[in-house]
Protein chains: 4
Amino acid sequence: MAKRKVCVVITARPSYSRIKTALQGIKDHPDLELQLVVAASALLDRYGSATAYIEKDGFIPVSKVFMVLEGENPTAMAKTTGIGVMELATVFYNLNPDVVVTVADRFETMATAVAASYMNIPLAHVQGGEVTGNIDEKVRHAVTKLADIHLVASESAKTRVIRMGENPAKVFNVGCPSIDLADQVLKSPAFDFDPFIKYSGVGADNIDLKKGYVVVLQHPVTTEYGSARKDIEETLYAIKDLDVPAFWFWPNVDAGADGTSNGIRTFREKEKPKHIYFFKNFEPNDFLRLIYHSSCLIGNSSVGVRESSYLGVPTVNIGSRQAGRDRGHNIIDVDYNRADIEKAIRHQMSHGLYTSDHVYGGGNAGQKIAEVLATAELTFDKKLAY
Amino acid sequence: MAKRKVCVVITARPSYSRIKTALQGIKDHPDLELQLVVAASALLDRYGSATAYIEKDGFIPVSKVFMVLEGENPTAMAKTTGIGVMELATVFYNLNPDVVVTVADRFETMATAVAASYMNIPLAHVQGGEVTGNIDEKVRHAVTKLADIHLVASESAKTRVIRMGENPAKVFNVGCPSIDLADQVLKSPAFDFDPFIKYSGVGADNIDLKKGYVVVLQHPVTTEYGSARKDIEETLYAIKDLDVPAFWFWPNVDAGADGTSNGIRTFREKEKPKHIYFFKNFEPNDFLRLIYHSSCLIGNSSVGVRESSYLGVPTVNIGSRQAGRDRGHNIIDVDYNRADIEKAIRHQMSHGLYTSDHVYGGGNAGQKIAEVLATAELTFDKKLAY
Amino acid sequence: MAKRKVCVVITARPSYSRIKTALQGIKDHPDLELQLVVAASALLDRYGSATAYIEKDGFIPVSKVFMVLEGENPTAMAKTTGIGVMELATVFYNLNPDVVVTVADRFETMATAVAASYMNIPLAHVQGGEVTGNIDEKVRHAVTKLADIHLVASESAKTRVIRMGENPAKVFNVGCPSIDLADQVLKSPAFDFDPFIKYSGVGADNIDLKKGYVVVLQHPVTTEYGSARKDIEETLYAIKDLDVPAFWFWPNVDAGADGTSNGIRTFREKEKPKHIYFFKNFEPNDFLRLIYHSSCLIGNSSVGVRESSYLGVPTVNIGSRQAGRDRGHNIIDVDYNRADIEKAIRHQMSHGLYTSDHVYGGGNAGQKIAEVLATAELTFDKKLAY
Amino acid sequence: MAKRKVCVVITARPSYSRIKTALQGIKDHPDLELQLVVAASALLDRYGSATAYIEKDGFIPVSKVFMVLEGENPTAMAKTTGIGVMELATVFYNLNPDVVVTVADRFETMATAVAASYMNIPLAHVQGGEVTGNIDEKVRHAVTKLADIHLVASESAKTRVIRMGENPAKVFNVGCPSIDLADQVLKSPAFDFDPFIKYSGVGADNIDLKKGYVVVLQHPVTTEYGSARKDIEETLYAIKDLDVPAFWFWPNVDAGADGTSNGIRTFREKEKPKHIYFFKNFEPNDFLRLIYHSSCLIGNSSVGVRESSYLGVPTVNIGSRQAGRDRGHNIIDVDYNRADIEKAIRHQMSHGLYTSDHVYGGGNAGQKIAEVLATAELTFDKKLAY
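Below you will find a few notes about this structure. Because the structure is a prediction, the values reported are computed rather than measured.

For the rest of this paragraph, the subject is the overall build of chain A. The helix and strand tally for chain A stands at 14 helices and 13 strands. In terms of C-alpha radius of gyration, chain A reaches 20 Å, essentially the compact-globule figure of 21 Å for 386 residues. Dimensions along the principal axes, computed over C-alpha positions, put chain A at roughly 60 × 40 × 40 Å. Counting every position in chain A, which comprises 386 residues, the buried fraction comes to 68%. Expressed as a percentage of contacts within chain A between residues at least 6 apart in sequence, the contacts between residues at least 24 apart total 72%. When the accessible area of chain A is evaluated, it comes to approximately 12300 Å², of which 49% is carbon and sulfur surface.

Shown next as structure tokens:
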């Protein structure tokens, strides 16, 4: 029997971490053939060029698609998505996959979802059914309505997908592949690289990591476009006041990235902070090792509610971006407020590691996803289940 | 207070009939300004050039967007949608509307929905929550997940939209604007034009319409791409055998239109049917008058379950395209089978007009839609209501 | 040494005939690797689906790109070209060719030319430097200004390309590959197929081809958009009056195709001509055999000035489309005038075959093109040579 | 008589300076109506947001089109152009201009040129016929082959356009509108603003401008993509060694901008130069006043051969970007070599102002352009003039 051709589209660096072990699972499965497409910000230097990591990990893209329209505003996000639909349709037509996999809820995932579903190609959606507080909310659930197979990451997500009218037989709680990486790190936690040498972050200097440090990763919130700059400044000054070594990661591409990025740039020019080290991005496992050994993870990244819960890293989650997401007991939520942020960080730094939470699965999601893709019935027409 | 700018995007001839009275309601409302965009097949001669009717009715488009990619296959549908997202984003950016309205469930409505929702423009969706049996099912519910205001046409649609997690306060059962047209026809039913003269249909001849005739309108079903030709032939030969004057309307643009259209063309070449008259399309009110005076409406158009129920026209609904839709007691459902189709038509012809069903509202949906658009709170961020 | 990767983009049926022997030459050359891309109307049924013939001839496309926007007006032509630039850029990026080949002067060739030249890929242009009387004129010479290697088909074309400022060392008079096909037919002219059986043309009937017949192929002229219908009617009625068996071929995609096509359709409905047989298209060699044995070729196709001159077929060339093109002595030029067209046809029918003209080369252009592509220096930056 | 509708498309900040007085001429002309479209990098903050200056100058765009695809590589340039063709076709269709004006030779001008010419709209090209040494060379002459009216800036340009086969009656030497601005500055040269206050350049400090300063503006050269970083470093270190106050302007969008920009960023991080002040961009007249009072203009901007010749500013032109362009006697040409650059600057600084050269017209090009657009016969079909 011919192998099933599984086309996975990766459009951003964080999506790659979310799907990496599933890529490996698909590649290793005897009944599956992986067709990897890399697109959008995953190809761009200024968003950390995920493609370099992908290829280094041994995954060779069959097609690369530039599709990010400049503007870093909502109009550009819409047009990027339109370009993506057009171009991915051509890619899918030429690859002729048996199933297309789209990851999570970034705005460009809609491009993958529309192209595949309109072309009557069965669509599998990884990480549907979750809830947060921004445009991703619309995108994620709209993709659910276009998808045929739902590879959700938690029981509450499964419940929500079914309540939205999806056929329960098509909803699989496989856990989150990002937890698989956290599991690898838990099993082999040694902090075995020098981040300043390996990643040559701007602003780096000699520090003793053993004395404690924090990690910051804060994205703009797309429905709060306009306040991105003010929001980031609260965090910047909280970290400044804290006066503890901090690894700060630039945000990914999103409307408002300019507000966030400009806020960071201006802060750096003006304050010339000595204890904050700015990085573009780390390889996923290095990043997890970095946070595992940190005193606190700060910001609004989903890593804070997901991998960090499995690792037990003390976390301060800022603002609305992760609102409603399943999370472990390792998290303190705060608003965009300099004083509150600093206070929460100090509390977490004094707490130390939490015990591991398994709310997003047990660390074998990649294999489970491959197995579902190899065995599930592949269909592309569906109806509301009620 | 400035008027709210309401941008309505019309992409196809049937969508215009579905929204016409709402356009009038918006245009007439003292607190609203209409921004009409005409796009896709609504601009194309071979799909009946809706734009001519729209302008004749006094609605002047502020922008026209060609976006239909040739191919009449699912790949072309996807790419058409991608082009639409790109171009409508530019149109919305320049028009800067307060709310965008998208109609029903044609595949291109997704272009309107993605562009508006990604640009943080409140999106109102007319006719969500209905169920049928094809790709429209995915599109319709995905648009629901992108929309902020739901202008549904029936109680069962309202129930479904809420079950899918939408905020009940944002779901308004306004009825279907197409019923408003049917209501006008019921109040003024005179068949006051000669269809052969006014529309110069191919194949026309002298017939006495008072002696009875049937009307056929059958679209390809997108998830059954490939069988379109076989499906249409069953109906063609049923009508041939029936030997009663028949008005046959060409299908609209959809993947598979070629199969349906080729089936019709080949049939005409081969059978040279004398009693079947082929038309591209009528103005909506003329079409409703035509079916109101007909002995039977045949095919799979939504007119058959919607306007015809209000008018009480005996109807034979073929295949899966309207499966699950609310309908009146005037309808007989049959499969793609020449003998069954003919038998059902004969039964309906002998029955005569049914009493009117109000399942899709009372004929004032256009005004109700305008009122909701003028008064509802306009927001663009939302969460699942559960 | 690695083979040079030669990417040839074919966008239409007539372009395929123009380049077929060069494809063979490239495929057969030990130092070249063929990367064939099929796009635009070459993929569409209603323009004769060139892709089927291409694959039957043993050329396997590495990528297919749907890009024809519906509308059949100049706006659609522009947008088709824009889509083509976008998509071909992605294709070229992924194929990474050493040289891209674009053919002749159809409007979509600009898409190939812009994408390749902007991406710093050396561009070879087949059939530049010719003159005619329509939009092709702008396209052809603009492509010349983007191209690095000029594979022209006649001495006068070579002179013009050099006069426009191109480096003479980069201009190669290889002759026209379409003449290679004519040469094959001259060497093996047997009319060994039944056109009615093999191509099932609409309107076919039993006729005795040995008693003489004519062939008609008339395209709309893009700068005369609007008069296409009137123009075609002059030819239609000339052929009607002539009352000799006629093979009539539908036009290719161009703005105005609707005018031409509608003119033909209406004529057929109204006049029901008994001696005119309508065909979509023939395989190139069959078409050349058909015209070789015909009494006269009529219309405005470039076949009339090119292959027919080599074959010596009596030809009536109508209107401005081939104005200024090199031609043999086998041609009579007439305007869009029913009486003039008929008179010219009658003169040519009584003349019989002319002697062969070699103005477009000696029948070995395909090999010569492959040789230039294998040996010419490949550069992508150039300056005016004066 | 209805006014002629003149649609001018501006895609970049430098293009605006090149056309500003023509915009004014068109706006003021009693027989013309200006339709201004702003697109591409002219809308983007990181390229100096020309749109803000345009609107401040009283020109209100009727449409804005985001079209720059991220990547800053040749593939992105091609795709940007494709997007532009698509979107500008829609804009032109809705505006229905009598003539479209495209400016100079940036890669996106091809989008304007293809859309207009394919839509049979007469196309006027400003600044054709010039010669330089990069991809612009291909673009500029290809646009000439698509254009119907040539508004050239010098006699040598006129000669070249005619040699390329254009009808001499359609070629008008109007001079360069950028010289009109220089003429305004010559008539009113006071340096009446503080650049550090008005433009808040990064790195600014108190300096005495009267003691002399230089100005640097160096773009990446698109056919030398890859060497952009090395090239800029030669200039950076020459300026560092020079140790004279320097105003340095960031480059515009082009393939390779990343190389150039990264080179500048790294230099700043590493060398922390105290006497170099970095600016995004000035309003055109402020920029001309800045260079008029400078000791030397350095780089490869066309300002160096054009406005600076009229103003008599001592200029050092680096590399191939302006090769072959008409120029005054105020210019010294050097290669990418740190020592040569420094030496040439020192020579120019000791020379002082040159006398004015009128090779690009007498400072009234804007009015002349308006007059040609108001009176020239508008046609869209043309042939080679030989």
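Don't stop here, the text continues.
This paragraph deals with the interface of chain B and chain A. At the interface, 46 residues of chain B touch 46 residues of chain A. Of all residues in chain B, Tyr118, Lys138 and Tyr386 of chain B bury the most surface against chain A, accounting for 21% of the area lost on that side. A salt bridge links Asp148 of chain A to Lys138 of chain B; its shortest N-O distance comes to 2.9 Å. The interface formed by chain B and chain A contains 16 residue pairs in polar contact (both at pLDDT 80 or more).

Attention shifts here to the sheet that holds strand β13 (residues 331–334) of chain A. All names here are of chain A. Here we have six strands laid out as an open sheet, ordered β10-β9-β8-β11-β12-β13, and parallel in their pairing. Two strands close off the open sheet at either side, each with one partner strand: β10 (276–279) and β13. Averaged over all pairs of adjacent strands, the angle between strand axes in this sheet comes to 20°, irrespective of strand direction. Sheet contacts for helix α13 (residues 338–351): β8 (214–217), β11 (296–299), β12 (315–318) and β13; angle to β13, the most-contacted strand, approximately 170°.

Residues and elements named next belong to chain A. Taken as a whole and judged by the stated rule, the model has 78 aromatic pairs over all chains. Ring geometry for Phe247 against Tyr277: centres 6.1 Å apart, planes inclined by 55°, an arrangement best described as tilted. A residue pair is termed long-range when its members are at least 10 positions apart, and Phe247 in strand β9 (residues 246–249) and Tyr277 in strand β10 qualify at 30 residues. Judged by its relative accessible area of 0%, Phe247 is buried. On the basis of relative accessibility, which here comes to 3%, the residue Tyr277 falls in the buried class. Taken together, the aromatic side chains of Phe191, Phe193, Phe196, Tyr199, Tyr213, Phe247, Phe249, Tyr277, Phe279, Phe282 and Phe287 make up a single cluster linked through ring pairs. Lys198 extends its terminal NZ or CZ atom over the ring of Phe193, reaching a point 5.4 Å from the ring centre.

Least-squares fitting of chain B to chain A yields an RMSD of 0.0 Å, with the superposition described by an axial translation of 0.0 Å and a rotation of 180°. Given the turn and translation reported, the copies of this chain are related as if by a two-fold rotation axis. Here 100% of the contact residues of chain B are again contact residues in chain A; the copies associate through an equivalent surface.

What follows deals with the relation of the copies chain D and chain B. There are two copies of the chain, and a rotation about an axis plus a shift along that axis relates them. By a simple turn and slide, chain D fits onto chain B: the slide is 0.0 Å along the axis, the RMSD is 0.0 Å, and the turn is 180°. A symmetric contact is evident, with 100% of the interface residues of chain D recurring at the interface of chain B.

So, about the interface of chain D and chain B. Across the contact, 11 residues belong to chain D and 11 residues belong to chain B. A combined buried area of about 980 Å² lies between chain D and chain B, and 55% of that area is made up of carbon and sulfur atoms. It is Met86, Glu87 and Tyr93 of chain D in chain D that bury the most area against chain B; as a group they hold 45% of the surface buried on that side. Seen at the junction of chain D and chain B, the total is zero salt bridges. One can count five residue pairs in polar contact (both at pLDDT 80 or more) joining chain D with chain B. Mapped onto the side of chain D that touches chain B, the elements with two or more residues apiece are β3 (63–65) and α3 (74–95) of chain D.

On to the packing of helix α3 (residues 74–95) of chain C against helix α4 (residues 109–118) of chain C. All names here are of chain C. The N-to-C vectors of α3 and α4 enclose an angle of 45°; their axes lie 8 Å apart at closest approach. Classified by the interaxial angle, the pair formed by α3 and α4 is oblique. As for how α3 packs across α4, the hand of that crossing is right-handed. On α4, the residues touching Thr81, Gly84, Val85, Leu88, Ala89 and Phe92 of α3 are Met110, Ala111, Thr112, Val114, Ala115 and Ala116.

Next up on the list: the pattern of salt bridges. Taken as a whole and judged by the stated rule, the model has 93 salt bridges over all chains. Here Glu87 of chain A and Lys79 of chain D are joined by a salt bridge, their closest N and O atoms 2.8 Å apart. Taken together, the residues Glu87 of chain A in helix α3 (residues 74–95) and Lys79 of chain D in helix α3 connect one chain to another. Each member of the pair, Glu87 of chain A as well as Lys79 of chain D, is classed as buried. Ionic pairing is found between Arg268 of chain C and Glu269 of chain B, a salt bridge with its closest N-O pair at 4.0 Å. Here Arg268 of chain C, found in helix α10 (residues 257–271), pairs with Glu269 of chain B, found in helix α10 (residues 257–271), and the two come from separate chains.

In this section: the pairing of strand β1 (residues 4–10) of chain D. All names here are of chain D. Of all seven residues that make up β1, six are buried, and the element is covered over most of its length. In terms of strand pairing, β1 meets strand β2 (residues 32–39) through seven bridges, oriented parallel. From the neighbouring strand, Val6 faces β2, where its bridge partner is Leu34. Assessed by its sense of winding, the connection that carries the chain from β1 through helix α1 (residues 13–28) to β2 is right-handed. Note: β1 against strand β4 (residues 99–103), three bridges, orientation parallel. Paired with Cys7 across the bridge in β4 is Val100.

Take a positive patch on the surface next. Where like charges cluster on the molecular surface, the positive patch consists of Arg265 and Lys280 of chain A together with Arg265 and Lys280 of chain D. Along the chain, Arg265 of chain D turns up in helix α10 (residues 257–271). On the basis of relative accessibility, which here comes to 42%, the residue Arg265 of chain D falls in the partly exposed class.

Residues and elements named next belong to chain C. Residue position: Tyr213 is located in the loop between α8 (195–199) and β8 (214–217). Spatially, the C-alpha atom of Tyr213 lies 51 Å from that of Lys383, the residues being 170 residues apart in sequence. Tyr213 has contacts with Phe191, Val244, Pro245, Phe247, Arg289, Leu290, His293, Ser294, Ser295 and Cys296, leaving out every residue within four places of it along the chain. A distance of 3.4 Å separates a polar atom in the side chain of Tyr213 from the backbone nitrogen of Ser294.

Residue and element names in this part refer to chain C. The end-to-end C-alpha distance of α3 is 31 Å, a good match for the 32 Å that 22 residues give at a rise of 1.5 Å each. Counted residue by residue, α3 has 20 buried out of 22 residues, so it is predominantly covered. The N-capping residue of α3, defined by a side-chain oxygen 3.2 Å from the backbone nitrogen of Thr75, is Asn73. Once α3 ends, the next one or two residues include Asn96, with phi positive near 55°.

What counts and how
- Residues numbered from 1 in each chain as written.
- Chains lettered and ligands numbered in written order.
- Predicted model: local features only at pLDDT ≥ 70, side-chain atom pairs only at ≥ 80, totals over all residues.
- Heavy atoms only, no water.
- Helix = DSSP H or I, 4+ residues; strand = E, 2+ residues; numbered from the N terminus.
- Rg over C-alpha atoms; globule rule 2.2 N^0.38 Å.
- Buried < 20%, exposed > 50% of the residue type's maximum accessible area, 1.4 Å probe, protein only.
- Contact = heavy atoms within 4.5 Å.
- Areas by Shrake-Rupley, 256 points an atom, 1.4 Å probe, with all protein chains shown as cover.
- Buried area = accessible area lost by both parts, 1.4 Å probe.
- Salt bridge = Lys/Arg side-chain N within 4 Å of Asp/Glu carboxyl O.
- Polar contact = N/O pair within 3.5 Å; in protein donor to acceptor, adjacent residues only side chain to side chain.
- Pairing = 2+ DSSP bridges.
- Axes fitted to C-alpha atoms, helices over the stretch in contact; angles between N-to-C directions.
- Phe/Tyr/Trp six-rings, centres within 6.5 Å; stacked < 30°, edge-to-face > 60°.
- Lys NZ or Arg CZ within 6 Å of the ring centre and 35° of its normal.
- Least-squares fit on C-alpha atoms with pLDDT ≥ 70 in both.
- Parallel < 35°, antiparallel > 145°, perpendicular 65-115°, else oblique.
- Left-handed = near helix turned anticlockwise from the far one by under 90°.
- Right-handed = clockwise from strand over helix to strand, strands pointing away.
- Patch = residues over 30% accessible without salt bridge, like charges linked within 9 Å, V, L, I, M, F, W, Y side chains within 5 Å.
- Lys, Arg positive; Asp, Glu negative; His and termini not counted.
- Charge placed at Lys NZ, Arg CZ, Asp CG, Glu CD.
- Expected span 1.5 Å × (residues − 1).

Functional significance is not addressed by these values, which are geometric in nature.
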